[in-house]
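Listed below are the residues making up each chain.
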Amino acid sequence: MNEPQKLPVETDEWTALKAFTEARIALGKTGVSVPVRASLAFRLAHAHAKDAVYSALDTDALMQALAPLELPVYWLQSRAEHRDMYLQRPDYGRQLAPQSAEALREIAAQPADVAIVVADGLSATAVNLYAGTVVQGLVQASRDQGFTLAPLTLVEQGRVAIGDEIGHLLNARMVVMLIGERPGLSSADSLGAYLTFAPAPGLTDERRNCISNIRQQGLPPAMAVEKIMYLVSEAFRLKLTGVALKDTTDTPPILPAGPDAGQLS
Amino acid sequence: MGMNYACTIRGFTYRFQDLKTLLAKASPARSGDGLAGVAADSYEERVAAQLALADVPLRTFLNEAVVPYESDEVTRLILDTHDPVAFAPVSHLTVGDFRDWLLADAADTETLRQLAPGLTPEMVAAVSKLMRNQDLIRVAQKIEVVTRFRNTIGKKGQLSARLQPNHPVDDPRGIAASVLDGLLYGSGDAVIGINPATDSPAATAKLLYLLDGLRERFSIPTQSCVLSHITTTIQLVEQGVPVDLVFQSIAGTEGANASFGINLALLQEGYEAGLSLGRGTLGQNLMYFETGQGSALSANAHHGLDQQTCETRAYAVARRYNPLLVNSVVGFIGPEYLFDGKQIIRAGLEDHFCGKLLGLPMGMDICYTNHANADQDDMDTLLTLLGVAGVNFIMGVPGADDIMLNYQSTSFHDALYVRKALGLRPAPEFEAWLHRQGIMDTDGNRLFTGSQPQLYAGLFSE
């Protein structure tokens, strides 16, 4: 009987070094190429990221999660009409579609302390997973601390800066924007939170604070709520957000919003 | 201002009010030019612009600045350092004739080497817009730009790789693990170069000592670099930290460079700081520059210019400082500038061709982000095309997945693939080291014996 033929895949002797890094080291080889298992693992990670980029907000589930809060909820659209336009025209994603802006004007909202805005960003998957819980926590904590709340808004094809236009139209002193972050191969479901004091159209990154990597394996939603509320209180005390507002609590750090914060605003 | 450029097609006359409008409208389609509002409005208008551009004499580019001379130091650099003697062989040509001249057999390696100082980036960007991908490959293939620090990079038949061992929190053991993986897969002859997670001088110095200690201990004929801001690097040189290469991201207008916190005087200062150390053993090419289409628009400093012409102007900045390595980070900027694999591949070939024609040692970070409409198949295509075109170096990232910068590039395996597929070799001094260490055989096959245990004992024993 013939010996079964040995497969040509060669493993690397230094697989123990994987303990020191998440990088894709010690993959082994066949010829000079990556073995099939490692090759497919990469494809799967990329598939998760791509699916997240093209994912859509789960309307029913979000409405269900927000209903018990007894706040009006408005669905809004940016000027980006579809995902490919959104990806090519970041300027459109930062502006409300005319009919959405008009709808907010018609509300003639009473002044409020905090407007919570939720947008799909680059990962509606992240929003579908975590935004309901985070919004519930923020509403509860805001009420406990005596902050008044503007109506809730959900935005399709939105970028970070659209929150400032919405907060402004809602007559809010501060906006908390929850948005899906650009997916990496290791995490396709990160939610980001961006805070702007005195929101108005045209503000830029240095006027915002960002809390990144909100997800079960990163900064869990309950901890994220605490961090956001800490910043909200500090922002009202100092009457500002942005580079001058620092986190003095424990890690993970709160970053000034910037190009490295994961979300392309 | 400027002359009027026009082209009549089927009785309709397209007019282009100035040279920069003509260049922008003639650019092959890409999302960033649409975002800037400078792109052609139709397929026909784009070709009309290309037809009009083909008739523009090359001399025009010496007389009509696309960014004002008075207000932009990059324009002043370009025009003040132009070499009319080197330009003479093509000074009578139009852009269209120049394309044909470049492809002719008479334009050989030596001819193109002598021509480089006579070309401005705008001439080079212009001719690239009339060229198909195969033209960009064919002409680039004829050019040879060789640079040296501790090894010899860029000779025909060679392909080097930057070993990019990034880690999200700069953990020394995590970085060392990736360095080891890369060396054992034959990468690292262009540079072992870390993008630091923070720009703190102390953290950067620590990483430089780590890499330098490793290189010394195993006598690796290569150079190291931590890609911090040039001001940080200058400070570290003054403190006596072992700096091999001086890195900086650069762009093609004074305004875009200002957004990076640099200007030409600062680059000169960094270059002289690097030279003062005299650390190169085979040569003193020690600057490392990165660029990328879209950076000028991103900084709102594009002056109505298309992104590819802006990019090519960055190469005029680079060549001032005799760099060891220059690479475009082609797909990093995102789909609002280069939407998909097709646009990234085109831009990669343009950047490589334009840099080489201007005399630069061009490499490429063949890459994309997850929101671009691209995948590893597109990277394989561009990698193979650039290998044929004679790219000096590519990136080697473990498994092509950069866990710090969160984008996908090319891997150590990819470098081995393109070397095998096209018969290319590492830098000769590094290749000899790979043989001595028992990492590779003389056919470029990776071995599984040799001094590998010593290598990782050496790395992790500190």
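Residues numbered from 1 in each chain as written. Chains lettered and ligands numbered in written order. Predicted model: local features only at pLDDT ≥ 70, side-chain atom pairs only at ≥ 80, totals over all residues. Heavy atoms only, no water.

- Under an unreviewed UniProt entry, the name given to chain A is Ethanolamine ammonia-lyase small subunit, and the organism recorded is Rudanella paleaurantiibacter.
- In its Sequence similarities (unreviewed entry) section, the UniProt entry covering chain A states "Belongs to the EutC family."
- As stated in UniProt under Subcellular location (unreviewed entry), the record for chain A gives "Bacterial microcompartment". (UniProt positions renumbered as here; feature names shortened; annotations may be inferred.)

1. Description of the overall build of chain B
Part 1: Of the regular secondary structure elements, chain B holds 22 helices and 14 strands.
Part 2: In terms of overall size, chain B behaves like a compact globule, its C-alpha atoms giving a radius of gyration of 22 Å where 462 residues would be expected to give roughly 23 Å.
Part 3: By principal-axis analysis of the C-alpha atoms, chain B measures approximately 75 × 45 × 45 Å.
Part 4: Within the span of chain B, comprising 462 residues, buried residues form 64% of the whole.
Part 5: In chain B, 76% of the contacts between residues at least 6 apart in sequence involve partners at least 24 apart.
Part 6: Each charge sign in chain B was given a centre, from 35 positive and 52 negative side chains, and these centres are 4 Å apart. (Helix = DSSP H or I, 4+ residues; strand = E, 2+ residues; numbered from the N terminus. Rg over C-alpha atoms; globule rule 2.2 N^0.38 Å. Buried < 20%, exposed > 50% of the residue type's maximum accessible area, 1.4 Å probe, protein only. Contact = heavy atoms within 4.5 Å. Lys, Arg positive; Asp, Glu negative; His and termini not counted. Charge placed at Lys NZ, Arg CZ, Asp CG, Glu CD.)

2. Regarding the side chain of Ser224 of chain B
Residues and elements named next belong to chain B.
Part 1: Here Ser224 lies in strand S7 (residues 224-226).
Part 2: Here Ser224 falls in the buried class, since its relative accessible area comes to 3%.
Part 3: Excluding anything up to four places from it in sequence, Ser224 contacts Val191, Ile192, Leu211, Asp244 and Leu245.

3. Examining the UniProt feature "binding site: adenosylcob(III)alamin" (unreviewed entry) in chain A
Residues and elements named next belong to chain A.
Part 1: Under the UniProt annotation, "binding site: adenosylcob(III)alamin" (unreviewed entry) lies at Val160, Glu181 and Cys210. These annotated residues cover 51 residues of sequence, and their C-alpha atoms lie no more than 11.3 Å from one another, placing them together at a single site.
Part 2: For Val160, the position within the fold is in the loop between strand S3 (152-156) and helix H7 (162-169).
Part 3: Along the chain, the position of Cys210 falls in strand S6 (residues 208-214).

4. What to know about the interface of chain B and chain A
Part 1: The interface of chain B with chain A comprises 42 residues on the first partner and 37 residues on the second.
Part 2: Surface buried jointly by chain B and chain A totals about 3400 Å² across both partners, of which 61% is contributed by carbon and sulfur atoms.
Part 3: Joining chain B to chain A, the criterion identifies 1 salt bridge.
Part 4: Linking Asp401 of chain B and Arg24 of chain A is a salt bridge whose minimum nitrogen-to-oxygen distance equals 2.7 Å.
Part 5: Counting every contact that joins chain B to chain A gives 12 residue pairs in polar contact (both at pLDDT 80 or more). (Buried area = accessible area lost by both parts, 1.4 Å probe. Salt bridge = Lys/Arg side-chain N within 4 Å of Asp/Glu carboxyl O. Polar contact = N/O pair within 3.5 Å; in protein donor to acceptor, adjacent residues only side chain to side chain.)

5. So, the nonpolar core
Part 1: With 151 residues, the main nonpolar core has Phe98, Tyr288 and Phe353 of chain B as its most contacted residues.
Part 2: In contact with Phe353 of chain B, not counting residues within four places along its chain, are Leu102, Val124, Val127, Ser128, Met131, Leu136, Val139 and Ala140 of chain B.
Part 3: Val134, Ala141, Ala224 and Ile228 of chain A belong to the second largest nonpolar core, which has 41 residues in total. (Core = buried A, V, L, I, M, F, W, Y, C linked by side-chain atoms within 4.5 Å.)

6. Focus on the packing of helix H7 (residues 95-103) of chain B against helix H10 (residues 133-142) of chain B
Residue and element names in this part refer to chain B.
Part 1: Running from N to C, H7 and H10 point in directions that differ by 55 degrees, and their axes come no closer than 9 Å. The angle between the axes of H7 and H10 places the two elements in the oblique class. When you trace H7 past H10, the crossing you get is left-handed. Contacts between H7 and H10 involve Arg99, Leu102 and Leu103 on the former and, on the latter, Asp135, Arg138, Val139 and Lys142. (Axes fitted to C-alpha atoms, helices over the stretch in contact; angles between N-to-C directions. Parallel < 35°, antiparallel > 145°, perpendicular 65-115°, else oblique. Left-handed = near helix turned anticlockwise from the far one by under 90°.)

7. A closer look at the packing of aromatic side chains
Residue and element names in this part refer to chain A.
Part 1: Enumeration according to the criterion identifies 11 aromatic pairs over all chains in this entry.
Part 2: With a centroid separation of 5.1 Å and an interplanar angle of 35 degrees, the aromatic rings of Phe147 and Phe236 are classed as tilted. On the criterion of sequence distance, the pair formed by Phe147 in the loop between helix H6 (124-144) and S3 and Phe236 in helix H8 (residues 221-238) is long-range, its members being 89 residues apart.
Part 3: The exposure class of Phe147 is buried, given its relative accessible area of 16%.
Part 4: Their ring planes at 75 degrees and their centres at 6.0 Å tell us that Phe197 and Phe236 sit as a pair that is edge-to-face. In this pair, Phe197 sits in strand S5 (residues 191-197) while Phe236 sits in helix H8, placing the two residues 39 residues apart along the sequence.
Part 5: Look at Phe197 and you get buried, because its relative accessible area is 14%. (Phe/Tyr/Trp six-rings, centres within 6.5 Å; stacked < 30°, edge-to-face > 60°.)

8. Re the pattern of salt bridges
Part 1: This structure, assessed with the given rule, holds 28 salt bridges over all chains.
Part 2: Its salt-bridge partner being Arg208 of chain A, residue Asp205 of chain A comes within 3.0 Å of it at the nearest N-O pair. This pair shows no difference in class: Asp205 of chain A is buried, exactly as Arg208 of chain A is.
Part 3: In this structure, Arg162 of chain B engages Glu290 of chain B in a salt bridge whose closest nitrogen and oxygen atoms are separated by 3.4 Å. Here Arg162 of chain B, found in strand S5 (residues 160-163), pairs with Glu290 of chain B, found in strand S9 (residues 287-291); they are 128 residues apart in sequence, far enough to count as distant.
Part 4: Owing to a relative accessible area of 10%, Glu290 of chain B belongs among the buried residues under this scheme.

9. A look at helix H13 (residues 230-238) of chain B
Part 1: Among all positions in H13 of chain B, only Ile230, Thr232, Thr233, Ile234, Leu236 and Val237 of chain B are buried.
Part 2: The inward-facing, buried residues of H13 of chain B abut helix H12 (201-217), strand S8 (246-249), helix H15 (264-277) and S9 of chain B.

10. As for the environment of Pro117 of chain B
All names here are of chain B.
Part 1: Mapped onto the fold, Pro117 is located in the loop between helix H8 (109-115) and helix H9 (121-129).
Part 2: On a C-alpha basis, the gap between Pro117 and Gly363 in space is 20 Å, while along the polypeptide they are 246 residues apart.
Part 3: Aside from chain neighbours lying at most four places away, what touches Pro117 is Thr81, His82, Asp83, Ala86 and Arg319.

11. Observations regarding the domain arrangement of chain A
Residue and element names in this part refer to chain A.
Part 1: Looking at the assigned domains, one finds that chain A contains domain 1 (15-52) and domain 2 (57-260).
Part 2: Between domain 1 and domain 2, the C-alpha centre-to-centre distance is 34 Å.
Part 3: Tallying the contact residues gives 8 residues for domain 1 and 8 residues for domain 2.
Part 4: Between domain 1 and domain 2 lies a buried interface of about 500 Å² when both sides are counted; carbon and sulfur atoms form 67% of it.
Part 5: The largest share of the area that domain 1 buries against domain 2 comes from Ala45, Ala49 and Ala52, three residues that together contribute 71% of it.
Part 6: Put simply, domain 1 and domain 2 have 0 salt bridges between them.
Part 7: Along the contact surface separating domain 1 from domain 2 lie 0 residue pairs in polar contact (both at pLDDT 80 or more). (Domains from an automatic or database assignment.)

12. Thoughts on the state of the cysteines
Part 1: In total, this model carries 0 disulfides over all chains according to the counting rule given.
Part 2: A disulfide-free cysteine, Cys225 of chain B has its sulfur positioned 17 Å from the sulfur of Cys367 of chain B, the nearest such atom. (Disulfide = S-S within 2.5 Å.)

13. A few points about the environment of Leu207 of chain B
All names here are of chain B.
Part 1: Inspection of the secondary structure puts Leu207 in helix H12.
Part 2: Measuring from C-alpha to C-alpha, the distance between Leu207 and Met123 comes to 41 Å, with 84 residues separating the pair along the chain.
Part 3: Apart from the residues lying within four places of it in its own chain, the contact partners of Leu207 are Asp170, Ile175, Ile194, Pro196 and Val226.

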